[in-house]
Amino acid sequence: MNVAAATALAMMAGGLASAPVAAAAGVAAPTSRAYEAPVAGYLDIAAHGQLDGVSGTWSVPSISTGKVGYSTISVGIDGGSTAYDIQAGTEQDWGPAGLVYFAWYRDNGGAPVKLGQVFPGDSVQVAISHHGVGAWTLDIKDATSGKSWTGAVSSTAKGRTADWVVEAPWMYGAAAPAHSPLADFGTVQFSHLAATGPGAKAARALPLYLAAPANGPVEAFPTAYDGQTDSFRVTFGNTALVPLPVAALSAPTAAPPPLPSPPPTAGRPATGPGYFLGAPDGGVFAYGADHFAGAASGAEDLAGQSASPGALAAQLAGGALGGPVAAMATTPDKGGYWMMTTTGGVFSFGDAQWYGSLTAMGGVSVPMSAMAPTPDGRGYWLVSLTGGVYSFGDARFAGSCTPSICAFLAVGMVASSSGRGYWLLLQNCEMVPFGDAPHIADTDCQTAAGTTFTPATWAVPTPDRQGYWVMLADGTVFAEGDATSFGTWPATAQSIPGDLAVALLPTPDDRGAWLVYASGYVEDLGDAADLGDLEATVLQAPVVTAAN
């Protein structure tokens with residue numbers, strides 16, 4: 001963000017800091033002019049003393065499509081300084097990548113760093129606070145999805161100004177720095193605004209009109225600041241430069257009350273059928289009603305802490321996965337998912353909670369092959385190729401493979417209905433029970449696997465978990481236990497020569513299924529609707545896992 005020009009104008013405006021405050025409205029008398037900048041909103045200027053905190057809330061707007069444009073909404077300290085500014089907010093774009101929405105932050109004059117995805121309508125709260133010499137804390141919360149990013153920032157920001165603005169963001173890396181074309185964001189309502197610290201009492205908030213360049217037409221403009229509710233709006237579009245009052249913000253002695261937190265499992269649950277396809281590099285592709293909640297590409301398994309104090313820079317800068325993704329699983333409401341690497345790293349997205357990983361415990365010497373969530377979604381098991389089982393969260397350990405129990409490699413897991421047991425799927429199609437998981441005959445599948453020398457790759461339970469469907473690498477499906485009583489889709493799917501079947505995903509009514517192949521092709525069985533796939537996409541790596 002760059003509001004340096006507006007800051008300089010404000011500092012030079014005679015009598016601005018000592019403008020009389022109207023007794024009834026709580027705002028200063030109208031200024032003689034309105035200030036133009038590459039941002040629209042308000043800039044709060046401390047006449048005496050430091051501002052040690054700023055906060056604000058808004059709903060992510062829905063961007064109009066059809067014309068390329070970019071926009072950011074942010075809360076900041078010392079905005080516009082190339083040496084020590086701190087900002088955080090959301091970006092909303094329509095461009096070559098389609099509609100893009102994400103949270104971000106920046107500090108010390110650096111380029112913005114992406115934090116994670118947000119959605120139109122999400123209620124976002126940002127707070128920046130000072131905690132000692134050079135020490136600041138960022139707190140960004142999406143109260144709608146439950147995601148939050150909190151971490152420490154080292155900055156010599158002086159706390160001379162605070163701001164709440166919409167901006168046409170800078171095009172970083174351009175030969176000649178310039179602002180991007182502004183996206184049509186409609187209207188943004190800023191609320192719950194506060195600036196704290198010794199300098200807040202005498203501070204005055206200067207209205208800013210977005211005009212880039214400064215002498216060009218106005219592209220976005222603020223309304224008058226409402227001192228009764230500490231709020232204002234910014235609207236996209238052209239308007240005359242109408243002088244607005246210089247506002248006096250309230251300066252509470254304590255931070256504003258936080259937005260209400262959603263329950264632990266709240267997220268963006270799916271409202272219909274859908275599925276996710278996962279790539280070994282951490283890429284995720286969402287289809288149907290399932291919502292994309294993030295990808296593990298470039299992420300780090302940082303003890304499950306979403307930008308915890310002391311680790312913010314490391315997480316946001318990204319890093320190697322440590323190994324290719326091998327498996328993924330969804331939460332009960334499908335509002336999030338986990339991804340597991342062959343090295344035992346676990347990455348959580350959406351409303352999926354992080355309960356631990358093997359990389360956080362020092363790593364493993366045997367590649368990991370499968371994972372399964374507990375029935376309530378408050379834990380998960382990780383499985384190695386040799387059948388070792390590792391429990392996290394409320395997952396109960398009920399045993400692992402030994403050479404006398406498992407003669408083949410383990411490639412899958414299915415939890416029992418109680419969560420006090422599970423089956424491990426071996427490559428010979430044998431399902432080995434542990435805990436309270438009952439033994440279920442599966443000789444038909446084992447015979448087929450042994451006769452055709454085709455390994456099993458996937459197992460998925462029936463709703464009551466008294467049975468399961470098992471799939472071989474050629475796409476042949478076997479129904480075991482009470483699985484035959486659910487649905488009318490064929491027990492044997494059509495095989496696609498030369499393509500590896502990697503996942504089988506039943507429909508919500510279990511009368512159909514999606515058969516996922518490594519090429520990205522998804523075959524629809526029974527009443528499964530055609531929701532799309534990657535068949536026509538040139539993939540850098542094959543699809544290795546899926547979930548629904």
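Data block above holds the structure.
For every chain, the first residue of the written sequence is number 1, and numbering continues from 1 along that sequence. Per-residue local features of the predicted model are confined to residues with pLDDT of at least 70, and side-chain atom pairs are confined, for both listing and counting, to 80 or more; whole-chain, interface and lining totals are unaffected and use all residues. In computing side-chain properties, one takes all heavy atoms of the structure into account and sets aside hydrogens as well as water.

A. Structural context of the nonpolar core. With 45 residues, the main nonpolar core has Ile128, Trp164 and Phe190 as its most contacted residues. Helix and strand definitions follow DSSP, with helices as H or I runs of at least four residues and strands as E runs of at least two, each counted in order from the N terminus. Among the elements that line this core, the one with the most residues is strand β13 (residues 187–196), at four residues. Contact partners of Phe190, with chain neighbours within four places excluded, come to Thr57, Trp58, Ile73, Ser74, Trp164, Val165, Val166, Asp230, Ser231, Phe232 and Val234. Throughout, nonpolar core names a set of buried Ala, Val, Leu, Ile, Met, Phe, Trp, Tyr and Cys residues whose side chains join them through atoms within 4.5 Å. In this scheme, a residue with accessible area under 20% of its type's maximum is buried, one over 50% is exposed, and one in between is partly exposed, where area comes from a 1.4 Å probe on protein chains only. Contact between two residues is taken to exist if any of their heavy atoms lie within 4.5 Å; hydrogens are not considered.

B. Molecular detail of the pairing of strand β26 (residues 410–415). With six of its six residues buried, β26 lies for the most part within the structure. Two strands pair under a simple rule: DSSP has to find at least two bridges between them. Sheet analysis places β26 next to strand β27 (residues 421–426), joined by five bridges and oriented antiparallel. Considered in β27, the bridge of Gly412 is made with Leu425. Taking the residues that link successive antiparallel strands as the turn, the β26-β27 hairpin has five residues, and the phi of Gly419 there is positive, at about 85 degrees.

C. Fine view of the sheet that holds strand β25 (residues 389–393). One open sheet holds the three strands; their spatial order is β23-β24-β25, and the pairing between them is antiparallel. The open sheet has two free edges, formed respectively by β23 (368–373) and β25, since each of these has just one partner strand. When strand polarity is set aside, the average angle formed by the axes of neighbouring strands in this sheet is 20 degrees. As judged from the five bridges shared by strand β24 (residues 379–384) and β25, these two strands associate in the antiparallel manner. When the sheet's bridge partners are listed, Val383 is paired in β25 with Val389. Axis geometry follows a simple rule: fit a line to the C-alpha atoms, using only the stretch in contact for helices, then measure angles between N-to-C directions, giving values from 0 to 180 degrees.

D. Representation of the sheet that holds strand β31 (residues 477–481). Taken in spatial order, the three strands of this open sheet run β29-β30-β31, and their pairing is antiparallel. Bordering the open sheet on either side are β29 (456–461) and β31, each of which pairs with just one other strand. Across the sheet, the mean angle from the axis of one strand to that of its neighbour is 20 degrees, orientation sign disregarded. Of the strand pairs in this sheet, β29 and strand β30 (residues 467–472) are connected by five bridges, and their pairing is antiparallel. Residue pairing across strands places Pro461 opposite Tyr468, the latter belonging to β30. Across the face of the sheet, helix α3 (residues 443–452) comes into contact with β30 and β31 while running at roughly 150 degrees to β31.

E. Spotlight on the side chain of Thr90. Relative to the helices and strands, Thr90 is located in strand β6 (residues 86–95). Any pair of nitrogen or oxygen atoms within 3.5 Å is treated as a polar contact; in protein, a donor-acceptor pairing is required on top of that, and neighbouring residues in sequence qualify only through side-chain atoms on both sides. There is a polar contact of 3.2 Å between the side chain of Thr90 and the side chain of Trp58. Beyond its immediate sequence surroundings of up to four residues, Thr90 is in contact with Trp58, Val60, Ser71, Thr72, Ile73, Phe102, Ala103, Trp104, Val118 and Val124.

F. Main features of the environment of Cys406. Counting through the fold element by element, Cys406 comes out in the loop between β25 and β26. Taking relative accessible area as the criterion, Cys406 reaches 9% and is therefore assigned buried. Residues within four places of Cys406 in sequence aside, it is in contact with Cys401, Leu426 and Val432.

G. Region of interest: the environment of Trp514. Assignment of secondary structure puts Trp514 in strand β33 (residues 512–517). As for Trp514 and Asn548, which are separated by 34 residues in sequence, their C-alpha atoms are 9.8 Å apart. Among the polar contacts listed, one links the side chain of Trp514 to the backbone oxygen of Ala529, at a separation of 2.8 Å.

H. Representation of the packing of aromatic side chains in the model. Only Phe, Tyr and Trp rings take part, Trp by its six-membered ring, and two of them pair if their centres are within 6.5 Å. Stacked means planes under 30 degrees apart, edge-to-face means over 60, and tilted covers everything else. Scanning all chains against the criterion turns up 17 aromatic pairs. Relative to Tyr225, the ring of Tyr42 lies with its centre 5.7 Å away and its plane at 65 degrees, an arrangement referred to as edge-to-face. In this pair, Tyr42 sits in strand β3 (residues 39–45) while Tyr225 sits in the loop between β15 (220–222) and β16 (232–236), placing the two residues 183 residues apart along the sequence. Each member of the pair, Tyr42 together with Tyr225, is buried. Both rings, one in Tyr380 and one in Phe392, keep their centres 5.8 Å apart while their planes meet at 40 degrees; by these two values the pair is tilted.

I. Molecular detail of the pairing of strand β22 (residues 346–350). With five of its five residues buried, β22 lies for the most part within the structure. By the bridge criterion, five bridges tie strand β21 (residues 336–341) to β22 in an arrangement that is antiparallel. Within β22, the position partnered with Tyr337 by the bridge is Phe349. Between β21 and β22, which pair antiparallel one after the other, the connecting turn spans four residues, and Gly344 there sits at a positive phi close to 90 degrees.

J. Representation of the pattern of salt bridges within the structure. A carboxyl oxygen of Asp or Glu within 4 Å of a side-chain nitrogen of Lys or Arg is what we treat as a salt bridge. Considering all chains together, one arrives at two salt bridges under this definition. The salt bridge partner of Lys334 is Asp290, with a shortest N-O separation of 2.9 Å. With a gap of 44 residues between them, Lys334 in the loop between β20 (325–330) and β21 and Asp290 in the loop between β19 (284–288) and α2 (312–317) connect regions that are remote in the sequence. When sorted by exposure, Lys334 lands in the same class as Asp290, which is buried.

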